[in-house]
Structure formats: C-alpha cells, structure tokens
Amino acid sequence: MTTTTPPSEAAAAHRTELAIGGMTCASCAARVEKKLNRMDGVTATVNFATEKARVSFGPGTTVEDLIATVEATGYTAEPPPPPAPPPPPTATATATAAPEATGTASAAGAGPETEALRLLRHRLLVTWALAVPVIVLAMVPAWQFDNWQWLSLTLAAPAVLWGGWSFHRAAFTNARHGAATMDTLISMGTGAALLWSLWALFFGHAGMPGMTHEFELTITRGEGSSAIYLEVAAGVIAFLLTGRYLEHRAKRKAGAALRALLELGAKDVTVLRDGREVRVPAGQLAVGDHFVVRPGEKIATDGTVIEGSSAVDASMLTGESVPVDVTAGDAVTGATVNTSGRLVVAATRIGADTQLARMARLVEDAQNGKAAVQRLADRISAVFVPVVVLIALATLGVWLATGATAASAFTAAVAVLIIACPCALGLATPTALMVGTGRGAQLGILIKGPEVLESTRRIDTIVLDKTGTVTTGRMTLLAVHTAGDVPEEPEEEALRLAGALENASEHPIARAIAAAAADRTAGPLPAPEDFTGVPGKGVTGMVDGHAVLAGRPALLADWSIALPPGLAEARAAAEARGRTAIAVAWDGEARAILEVADAVKPTSAEAVARFRALGLTPILLTGDNETVARAVAAEAGISPEHVIAEVLPEDKAAVVSRLQAEGRAVAMAGDGINDAAALATANLGLAMGTGTDAAIEAGDLTLVRGDLRAAADAIRLSRSTLRTIKQNLFWAFAYNTAAIPLAALGLLNPMLAGAAMAFSSVSVVTNSLRLRRFRAAA
C-alpha cells in the first residue's frame, strides 16, 4: 500500500510506546496526542481503548521529555520496560524472551487490567445499592414518607462523591490544565444537581417535613426552592459507571486473541547442555541451543530439526488441522505441538524474533493504530466538549430570559450536559478495531494496521502471484503414464525404479518423484548403484539389476532409446499443459512418462470464486511462460485475458502501478521476496504467512496458513469491521445530534438522559462485539 511518511516521522531516530494513565474518554486521548505532537520532531498517536501512546521522536528528545509533557498535561506515562541482558549459555541463565511477551501481555491487560476491573465492579455495585432507593423514592410519591428527602441525601451523597470520584478527579485535573473533557460534562452535571439539592434542602423549602414532589418525564415550571435532583445525580453516576464497566469488559474481550497468542508458547524446555538434558524456563533459550521435544510437548521456539522425525500439530497457530510431517533439516515453529516421535531442535529464533511474537506484535500494532475515521472522531471529541458546555450555559440563560423558574432552567441545562457526553463517539472505532483484529488473529488473519480496513472498501482487482500463492510452490508428481504399445508395466514399478534413482539427486523435480515414489510404493526404495547425473538432461544408474534412465527425452536419445507413440502423445499433452515430462526407461526400452509440475493448490479455484463473489477481478501474475500460466489459470478458474506472464521479478510492482493508473484499486497476494515491492505498491498487500519475511513485512494483511481462501475471508472481515465502525459512528453522531436539542428544550429528564447516554455507549460496544461471531466461509 502506498503511503506518504510525514517529515517528522521520516526524520525520527527513535520510537517508543508509553502506557498512559488517567485517560477517561477520547477527548483525553486527543489532548495528550495534541500536546505530544506540539513537541519538536515528535509524531504521536494516542489510543484511548488501549491506553497507549506510540511515539516517534528525534535525537533532541528523550523519553523523559515525553513523559514530562504527558504529566504536564494532567496524565501519567510509563516507559516500556528495558530489555533484559542476553543469557549466558548455562542452566542458570536469565530470561530473554520474556520482556517482549511480558510487556505485551501486561499491556493487553492480563494483570493490572483484571484488578482495575474488579475494583470498578465493586464501586459499581455499591453505587447501585445506594442509588436504587433514592431513585425509587423519587419516582413513587406514595412512598415519600416524612423526611424521606434526608434519607435520599444520605444515600445519594456517597453515590455521587465516592461512586463518581473518577469522573470528578479527572474533571478537576483537566480543569487545572485549562481543558474540558467528557468527564467535565459528567462532573458538572451531577455536581450541579447535588449542589442544587443541598441548597434547596438547607436554604429552600425542600427540607420541610412532609415535602413531596412528582417524578415527571417532561420539565414543568415550578418553584425551584422546593425541587431536589438527588435521584438525577445518583442515577446518572450509576448508569455511567455501568457503561464504563462494560467498556472495560469489552476491552478485555477485544484483547483476548492477543493474550491467547502470547499464552500459546511453551513455559519450559529441555535443553541439551554438555550432553545432559536440563529442564529450564523457555525464556532462557539462546539461538543455537539444542533442545529436546518429546511427544505431546510444545516446541519452545522457532528452530530446525537436527535429529528425529515426527508429525507436528500447528492448528493452534495456523488453524490447519492436518499435522505436518517433519524430519531432520525441516523448520518448526514455536508453540506448535509434537504429536509423535522425539525431536532434537536447534533454536534459530528466540523472544521477539519468533513467529509467535511477530504475530502478537502485528495484532497489537493493528489495535494501537488509528484509522482515518478514528482520527476524525478524536478531532470532533476535542472540540465537542467545550461546545456542549457553551450550549448548556446558553440553555440556562435562554430559559431564565424567557421567564422560566431557576429550577426549570437548571434542569434543562443539566440534561444538556449529561445527554451530550460523547462516550459512544470515543468508543466507536477502537472497540470495533480491537474486536475485528482479534477475531482475525484467531482465524489466522493478521491485520497490520487500521488503515488497511479503509483500503479493502475500494478494492476491485486482486493480483495473484502464481508460485506459492495459487500453486503450492514446490514440484509435485501429478500423473504417471506407462507404455501402451509394449508389454504394459505397472505404474508402481515405473515409479519405484524412477523414484529409487531420483532419490539420490537433490534436484527439485527429482525430489518430487522420489517423494511420490516413497508414498505410493510398498516398502522402502532400493538404493541405486553407479548413479550418474547428466547436467540438464537427467540421471542414470542401476536399480535392482536394471539399467535405469530418468530425464528429458534427449537423455534417452543419447542411449538410442525412442519414445513409443503412446508415451510421445503423453509427453506432448503434458507439455501443452505447462508440465514437465520426465521419461523413464530401463533395460533399453522407454517405459513411462512422469508429469511433474508446481501443482495448483486444491483451494485456489474456490478462492478465486470467492473473490468474484466479493466483486473482485482476479488476475494471475507470473514470471513463467505463457503456456504454464494459462494452464494454471484455467485450473484455478481465472480467465485467459486476465493472465500476465513472463514478468521479471523487478517488474511486478510496475504491473501493479499500471493497473492503478487504469483506475483500478488493486490488492496483491504474494509470498516471495520478489513480491515485496508489488505488495507495498498495491492498495492492499496480502502476504502469505508461509512465505518470506520480506513479503510478510511488505504486506498489509498476513494469511498465516497460506490458504488463498483466507484472503477472501480477510477482505470480508476487514469490510465487516469497517462497516461496524461506520455504524457505531453514525449512531453516536445521530444520538448526540438528536438528543441535545431535546434536552435544551426541556423535553428530557436528566436521569433519563444519563441512562440513554450510558445505553449509547453500551450499544456501541455490543455492536462491536458482534464481530467476534465472524466465521470463515465454509
């Protein structure tokens, strides 16, 4: 995806992430972000939902300067934990892998967040216990016994002051710094209701024994000195605490996928030290260490098998249900499970470099970033609060100027303050982003950043790299044809002899034939004798007393062996389909033709059909010749006119640019280093997780399983997430826009306004959580 880097960010020499404390709404986040961005050479993004600031800064600025700026703004900031020193190669080594995972896990809310949620729940329950009697007494005049108002005051005061302490503290802190946030609205509204009630009780007529008043849904002009609003103050705080508690729970649920990723890793590992097996914490592994993985154990970190063979279950990481067979020389991934034999693995990546850590980092980066729609919401929130305060003051003044009682004017103004709190606006984008990206991680779809969501909306063309994306990326034996005009040889015998000979070669085609022979024939392959490789033509040797040739027909011609008509036709048909034809002869006669090719993945045709259903035009892009490209396209269901073949690796990005110049919004799916530039150039880059690190880094979406169908699911999920964000923003804007005039006209009771405002936040969170039910297409 093409992006333009701001000058300040381009010049930045350092990046850090700060944990921001004390934020209670999106206006707080916007304020901190604004202050940080005013610093020279600083580019900052503050996310209210994750309570983090991602900051880039130049050499003239330090982390301490950033923290000081945040604290001067009225909030707290903590730097990331320092990296631990590398471990010595002993059993007593200190942990190294832990800092990255630990820091991410705590940021995701695994520890302190749980305690904060518990304290908030306790405050919520106590506040409701205090507020319910106050609300009931105010709503039911028949229950208003003598001096009931003083009992209401006794219950309402702690509900407002203690229950709403977080709102009042935040409002006071912001006021000290000349700022107004959503907490300002809440504190002013509930505080004014409590203070008015105190004045009416102690200096007016409301404290008289036998005083009663009706609970009405509309404002009536009455005597202000006999009106109290304790139920409004206590009820609003209770409703707001309910909304805030549900918001905290939503953030916990939204981060569940990230925490689940972090918890996948093995906790300890058996390391080979001086010929002995030593059980140590997984964090003590160093690159190059050899460790043992027994059946049923998790592989502690990314590595290469150096001894043993087994089947590895990677379903928890990739979603692929079929275990993968591994043997010496094969790469394995940390957090996958060894299902059968004993393995000895050499660690190649540890800590933050492992695939698991990179996945977690991609998820967290996506959740910490900001989409354009979220930046818009933050900017609106920053100016919305002071505007609402002015509207509330204007409402008070207009009501008084038109002859209304002070009580009526005050009630309308308080209702404006309460109904206007744009909490739902601040939650609209981050909750949907967190849930959507978290759900994607569970499905093996890693969304690199929130701006990706906006890219998927415009996509109308998807360019598919052939090798490794549409095809498996490795040579596979697809067919065996035996001679028809000589005594017919069983396919198994032809494959056994050819496979035994090719087993001694390292050529990709030879390995494909040998692997197929080992799978399809009974018993082990015989060892060849007098093996000889003929460059560019094939191999020769003795197998079970037979003089065997396997290679191009030119090799057989060198031995004066001609292909019979049946095999000649099979060879021509194979080459017409873009496949490599390997001739097999023994004892002086051509006996079989083996068709070898980079096989189309079984799921590619279904994926192409899903792309079309999403309104996308699939285009096949490859450096292979036209014949091979068209054969693959036909098998995958791609139209011949949408095949671009014989493209040099460095020209792939140019092809994407040309399509964009034609007015197309292009997605690119690829897996190789030569695809990285094209992935970065495309409007949306889809990197196959089975490919190279360069491709994964260049892509916007990473498909962990390497299954092209997941690309269609990724686009569907991204569009669903963006649609949810828009729904949230619409309802938040519509709610405030419609409700403020009603409150200003005196048509909303302040307590009902508080309940409706809290409900709007809950509805936004609930709508976002629907993304957790997103399912991959069957």
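Residues numbered from 1 in each chain as written. Predicted model: local features only at pLDDT ≥ 70, side-chain atom pairs only at ≥ 80, totals over all residues. Heavy atoms only, no water.

**A closer look at the UniProt feature "transmembrane region" (unreviewed entry) in the protein**
So, step 1. The positions UniProt marks with the feature "transmembrane region" (unreviewed entry) are residues 124-144, 150-172, 184-206, 226-246, 380-401, 407-429, 728-745 and 751-769.
So, step 2. Each end of residues 124-144 is marked by a C-alpha atom, and these two atoms are 26 Å apart; helix forms 76% of the span and strand 0%.
So, step 3. As annotated, residues 184-206 has a helix share of 83% and a strand share of 0%, and its two end C-alpha atoms lie 28 Å apart. (UniProt positions renumbered as here; feature names shortened; annotations may be inferred. Helix = DSSP H or I, 4+ residues; strand = E, 2+ residues; numbered from the N terminus.)

**Notes on the nonpolar core**
So, step 1. Judged by nonpolar contacts, the single largest core of 50 residues is most densely connected at Leu464, Val470, Phe611, Leu684, Leu686, Leu701 and Leu708.
So, step 2. Looking at which element gives the most residues to this core, the answer is helix α27 (residues 709-744), with nine residues.
So, step 3. Shared between two domains, this core holds at least three residues of each, these being domain 2 (116-255 + 368-432 + 725-772) and domain 4 (445-471 + 600-710).
So, step 4. Sequence-distant contacts of Leu701, that is, excluding residues within four places in its chain, are made with Ile445, Leu446, Ile447, Val452, Leu684, Gly685, Leu686, Ala687, Ala714 and Ser718.
So, step 5. Leu117, Phe167, Ala233 and Leu241 belong to the second-largest nonpolar core, a separate cluster that totals 38 residues. (Core = buried A, V, L, I, M, F, W, Y, C linked by side-chain atoms within 4.5 Å. Buried < 20%, exposed > 50% of the residue type's maximum accessible area, 1.4 Å probe, protein only. Domains from an automatic or database assignment. Contact = heavy atoms within 4.5 Å.)

**A short note on a nonpolar patch on the surface**
So, step 1. A contiguous nonpolar surface patch, about 400 Å² in accessible area, is contributed by Trp199, Phe202 and Phe203.
So, step 2. Along the chain, the position of Phe203 falls in the loop between α8 (182-202) and α9 (230-254).
So, step 3. Classification of Phe203 as exposed rests on a relative accessible area of 66%. (Patch = residues over 30% accessible without salt bridge, like charges linked within 9 Å, V, L, I, M, F, W, Y side chains within 5 Å. Areas by Shrake-Rupley, 256 points an atom, 1.4 Å probe, with all protein chains shown as cover. Salt bridge = Lys/Arg side-chain N within 4 Å of Asp/Glu carboxyl O.)

**Description of the pairing of strand β18 (residues 538-543)**
So, step 1. Most of β18 sits inside the fold, with five of its six residues counted as buried.
So, step 2. Pairing analysis gives four bridges linking strand β17 (residues 529-534) to β18, with the strands arranged antiparallel. Its bridge partner lying in β18, Glu529 is registered against Met542.
So, step 3. The pairing of β18 with strand β19 (residues 546-551) spans six bridges and is classified as antiparallel. Following the sheet pairing, Val539 is matched in β19 by Ala550. (Pairing = 2+ DSSP bridges.)

**Some thoughts on helix α23 (residues 626-636)**
So, step 1. What α23 keeps buried is the set Val628, Ala629, Val632, Ala633 and Ala636. Looking straight down α23, one finds that the buried residues subtend no more than 130° of arc, so they occupy a single side.
So, step 2. Against the buried residues of α23 lie α17 (466-470), β16 (471-482), β21 (589-600), α22 (604-613), β22 (617-621) and β23 (643-644).
So, step 3. Residue Gly637 follows α23 closely and has a positive phi angle near 90°. (Arc of directions from axis to C-beta.)

**Looking at the side chain of Lys466**
So, step 1. Along the chain, the position of Lys466 falls in helix α17.
So, step 2. Here Lys466 is in contact with Thr471, Asp598, Leu620, Leu621, Thr622, Asp624, Val628 and Val632, once residues within four sequence places are set aside.

**Focus on the sheet that holds β17**
So, step 1. Here we have six strands laid out as an open sheet, ordered β16-β21-β20-β19-β18-β17, and antiparallel in their pairing. Looking at which strands have only one partner, the edges of the open sheet turn out to be β16 and β17. The sheet shows a mean angle of 20° between the axes of neighbouring strands, taken without regard to direction.
So, step 2. Seen against the sheet, helix α19 (residues 508-520) touches β16, β20 (580-586) and β21 and runs at an angle of roughly 65° to β16. (Axes fitted to C-alpha atoms, helices over the stretch in contact; angles between N-to-C directions.)

**Details of the environment of Glu626**
So, step 1. Among the secondary structure elements, Glu626 is positioned in helix α23.
So, step 2. Expressed as a C-alpha distance, the spacing of Glu626 and Glu646, which sit 20 residues apart in the sequence, is 6.8 Å.
So, step 3. Each residue touching Glu626, except ones within four places of it in the same chain, is listed here: Ala645 and Glu646.

**Notes on the sheet that holds strand β14 (residues 445-447)**
So, step 1. Read from one edge to the other, the open sheet built from seven strands follows the order β14-β26-β25-β24-β15-β22-β23, with strand pairing classed as mixed. In the strand order of this sheet, the two ends are held by β14 and β23, each with one partner.
So, step 2. Strand contacts of helix α24 (residues 652-661): β15 (461-465), β22, β23 and β24 (666-670), with the helix running at about 160° to β24, the strand carrying the most contacts.

**Overview of a positive patch on the surface**
So, step 1. On the surface, a cluster of positive charge is made up of Arg723, Arg770, Arg773 and Arg775.
So, step 2. Looking at where Arg773 falls in the secondary structure, it is placed in the segment after α28 (750-769). (Lys, Arg positive; Asp, Glu negative; His and termini not counted. Charge placed at Lys NZ, Arg CZ, Asp CG, Glu CD.)

**Examining the side chain of Glu595**
So, step 1. Locating Glu595 in the fold gives a position in strand β21.
So, step 2. A distance of 2.6 Å separates polar atoms of two side chains, one belonging to Glu595 and the other to His481.
So, step 3. Looking at Glu595, its side chain comes within polar contact range of the side chain of Arg579, at 2.8 Å. (Polar contact = N/O pair within 3.5 Å; in protein donor to acceptor, adjacent residues only side chain to side chain.)

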